[in-house]
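Fold and geometry: a report
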Amino acid sequence: MTDTYLELVNSGFTKKLAKQLGLPRPARLRRHQPGQPLLDGPALVLGTGPDADAVATLLSSPAGGPADPRPDDAPVVLDGWDLEVHRHPAPDVRYAAVVLVLTGVEHPDDLTQPVLAAASTLKSLRSGARVVTISRPALETDAPAVAAARQGVDGFLRSLAKELRGGATGNGLALAADVPVSAPSVVAGLRFFLSTRSAFVDGQLLEVDSDAGELPTDWEKPLAGKVAVVTGAARGIGAAIAEVLARDGATVVAVDVPAAGEQLAAVANRVKGTALQLDVTADDAGERILEHARTRHGRLDVVVHNAGITRDKLLANMSDDKWSSVLAVNIAAQLRINEALLTSGDFVDAPRIVALASTSGIAGNRGQTNYAASKGGVVGMVRATAPLLTPFGGTANAVAPGFIETDMTARIPAVTRQVARRLNSLQQGGLPVDVAETIAFLASPAAGGIVGRTLRVCGQNMVGR
Ligand code: NAI
């Protein structure tokens, strides 16, 4: 579905008019293209101490691993991203990224210097620039001043993200106590937030729980050799997930109801995967998914629970059918399938579960008590499922999309839809590919240290956090 307003405020006369009238001017967001450089300009790394130095080194040192001679079949060691990196803001430089390394803050005063240094760059940031904080979450066991400084990063980051314009985003990584900045999920999370893959992720602090995970040998193919099942893959977000996972190197099993068989086959062909016609609410859905993956592809590594439905009604008018069908597809089916996977003994090689929640399940939405109960359920489900997978190096996480341009949101009445699109810091709806990129990141081996979390893909929606 095209956002005509976004097109108008980005072209010719109407662009000027919107500026004069002070109307919201959403920027055209850049999306990932294979081979694209990570950043289109210099990066500024702020903060002092060994963590800041390590991040600056990661960003600036050349890629490619040890010097020659190297055997032809040796994997490329990713020691650096070969970016132009500054440690102090230089005048007249337009930065593409500002990384604030704040892991060492012990008092709110410690924020002053790096934050004001970042402030001096903001008016001339490049369009689509990235601001990323790296910090530690405030704990009950912290000294009060330490907890104040750490929690202060949270408030700072979320407010800054609301001030950025021109498609720029602000996100943060919050590293659990003994997780080093060199942990695979910190490195991959930083790369995700810096890249155009996170175009519609804004104002989010992602916690990294451990140093588990494995960096890819090729950042363009982080899912090479993996077999991934995507439910609800015949259209919308599910079809985009299938495409992005395949682009990232996975072999994809596309699942959807038999009624969507033709569209499903088209998606499976496009991604050179296989199709499985299946209603995810079937009692034996988990067994059938495993059986298909095993017999057709020899293994199963990733399951993306994307199939979902809405049956919106105010609770006062809710029928048993509308309530129960939404719960059955959106959460009960996921629980049953996970149970089958976990008890099979065949889902034990660093497996990944990624499930679709929704901002409605976090912030609530009028007319969606059934949907929000199911999606809130997904947030709880991944939190409780993750510990069952950690003994095998596995994870379960969720992605909570906000307003995404799909058939589901095209059914919203026109005026409500226009308003809903503007109610986030990026002032536009996201695209299915934005959700898919975030899922691909959480499904990757490098994200093994992110455990039971829900990452929002909502452009920093005004409601909820
Ligand atoms: P969609 O309605 O366009 O596609 C959903 C797909 O799931 C369809 O292909 C449908 O046939 C399939 N499906 C439904 N019931 C099924 C079942 N029992 N078994 C197998 N497949 C089934 O939806 P859309 O917009 O692509 O959403 C995908 C997911 O993202 C859903 O879980 C939805 O709740 C979630 N989401 C979407 C948002 C949006 O703005 N579009 C916002 C937040 C979450």
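Just so it is clear, the model here is predicted, and its values are computed rather than measured.

A tally of helices and strands in the protein yields 15 helices and 13 strands. Rg of the C-alpha trace for the protein: 22 Å, near the compact-globule value of 23 Å for 465 residues, within the 12% margin. The dimensions of the protein, computed from C-alpha atoms along their principal axes, are 60 × 60 × 45 Å. Buried positions account for 53% of the 465 residues belonging to the protein. Residue pairs at least 24 apart in sequence account for 74% of intrachain contacts in the protein once pairs closer than 6 positions are excluded. Split by element, the accessible area of the protein, about 19,800 Å² in all, is 54% carbon and sulfur.

The next subject is helix 10 (residues 320-344). Over its 25 residues, helix 10 extends 33 Å from the first C-alpha to the last, a length consistent with the 36 Å expected when each residue adds 1.5 Å. Those residues of helix 10 not exposed but buried are Ser325, Val326, Leu327, Val329, Asn330, Ile331, Ala333, Gln334, Ile337, Asn338, Ala340 and Leu341. Positioned one or two residues after helix 10, Gly345 has a phi angle of 75°, which is positive.

With that out of the way, let us pick up the site of the ligand. Contacts to the ligand come from 26 residues, most closely from Arg235, Asp256, Asp279, Asn306 and Tyr371. One of the backbone N or O atoms of Ile237 is found 2.8 Å from an oxygen atom in the ligand. Within the side chain of Tyr371, an N or O atom sits 2.5 Å from an oxygen atom of the ligand. If you list the elements that add at least two residues to the shell around the ligand, you get helix 7 (236-247), helix 12 (369-389) and helix 13 (407-410). Broken down by class, the residue content of the shell around the ligand amounts to 14 nonpolar, eight polar and four charged.

With their axes 11 Å apart at the nearest point, helix 6 (residues 184-194) and helix 15 (residues 432-443) run at an angle of 170° to one another. Judged by the inter-axis angle, helix 6 sits roughly antiparallel to helix 15. You can see that helix 6 and helix 15 cross each other, and the crossing is right-handed. Contacts between helix 6 and helix 15 pair Ala188, Gly189 and Phe192 from the former with Glu437, Thr438 and Phe441 from the latter. Taken together, the residues that form the contact of helix 6 with helix 15 break down as three nonpolar, two polar and one charged.

Another aspect to go through is the environment of Ala228. Within the secondary structure, Ala228 sits in strand 7 (residues 227-231). Once the C-alpha coordinates of Ala228 and Ala293 are considered, the two residues, 65 residues apart in sequence, prove to be 8.4 Å apart.

Take unusual backbone geometry next. With a phi angle near 50°, Ala350 is a residue other than glycine that sits in the positive phi range. Among the structural elements, Ala350 can be located in the loop between helix 10 and strand 11 (352-356). On the basis of relative accessibility, which here comes to 30%, the residue Ala350 falls in the partly exposed class. The phi angle at Gln460 is positive, at roughly 60°, despite the residue not being glycine. Among the secondary structure elements, Gln460 is positioned in the segment after strand 13 (454-457).

We now examine the domain arrangement of the protein. By domain assignment, the protein separates into domain 1 (31-208) and domain 2 (227-457). Just the C-alpha atoms count here: the centres of domain 1 and domain 2 sit 29 Å apart. Between domain 1 and domain 2, the residue contacts involve 23 residues of the former and 26 residues of the latter. Roughly 2,000 Å² of surface becomes buried between domain 1 and domain 2 when both sides are summed, with 62% attributable to carbon and sulfur atoms. Among the residues domain 1 hides against domain 2, the three largest losses belong to Arg31, Arg197 and Phe200. Together they make up 33% of the total. Applying the counting rule to domain 1 against domain 2 returns four salt bridges. Here domain 1 and domain 2 share six residue pairs in polar contact (both at pLDDT 80 or more) between them. For the side of domain 1 that touches domain 2, the secondary structure elements donating two or more residues are helix 5 (144-163), helix 6 and strand 6 (205-208). Looking at which element gives the most residues to the side of domain 1 that touches domain 2, the answer is helix 6, with five residues.

On to the sheet that holds strand 8 (residues 251-256), then. Reading across from one edge, 9-8-7-10-11-12-13 is the order of the seven strands in this open sheet, with parallel pairing throughout. Each edge of the open sheet is held by one strand with a lone partner, namely strand 9 (274-277) and strand 13. Put simply, the sheet's adjacent strands are angled 20° from each other on average, direction ignored. Inspection of the sheet shows strand 8 paired to strand 9 by four bridges, in the parallel sense.

Rules and cut-offs
- Residues numbered from 1 in each chain as written.
- Predicted model: local features only at pLDDT ≥ 70, side-chain atom pairs only at ≥ 80, totals over all residues.
- Heavy atoms only, no water.
- Helix = DSSP H or I, 4+ residues; strand = E, 2+ residues; numbered from the N terminus.
- Rg over C-alpha atoms; globule rule 2.2 N^0.38 Å.
- Buried < 20%, exposed > 50% of the residue type's maximum accessible area, 1.4 Å probe, protein only.
- Contact = heavy atoms within 4.5 Å.
- Areas by Shrake-Rupley, 256 points an atom, 1.4 Å probe, with all protein chains shown as cover.
- Expected span 1.5 Å × (residues − 1).
- Near = heavy atom within 4 Å.
- Polar contact = N/O pair within 3.5 Å; in protein donor to acceptor, adjacent residues only side chain to side chain.
- Nonpolar A, V, L, I, M, F, W, Y, C, P; charged D, E, K, R; others polar.
- Axes fitted to C-alpha atoms, helices over the stretch in contact; angles between N-to-C directions.
- Parallel < 35°, antiparallel > 145°, perpendicular 65-115°, else oblique.
- Left-handed = near helix turned anticlockwise from the far one by under 90°.
- Domains from an automatic or database assignment.
- Buried area = accessible area lost by both parts, 1.4 Å probe.
- Salt bridge = Lys/Arg side-chain N within 4 Å of Asp/Glu carboxyl O.
- Pairing = 2+ DSSP bridges.

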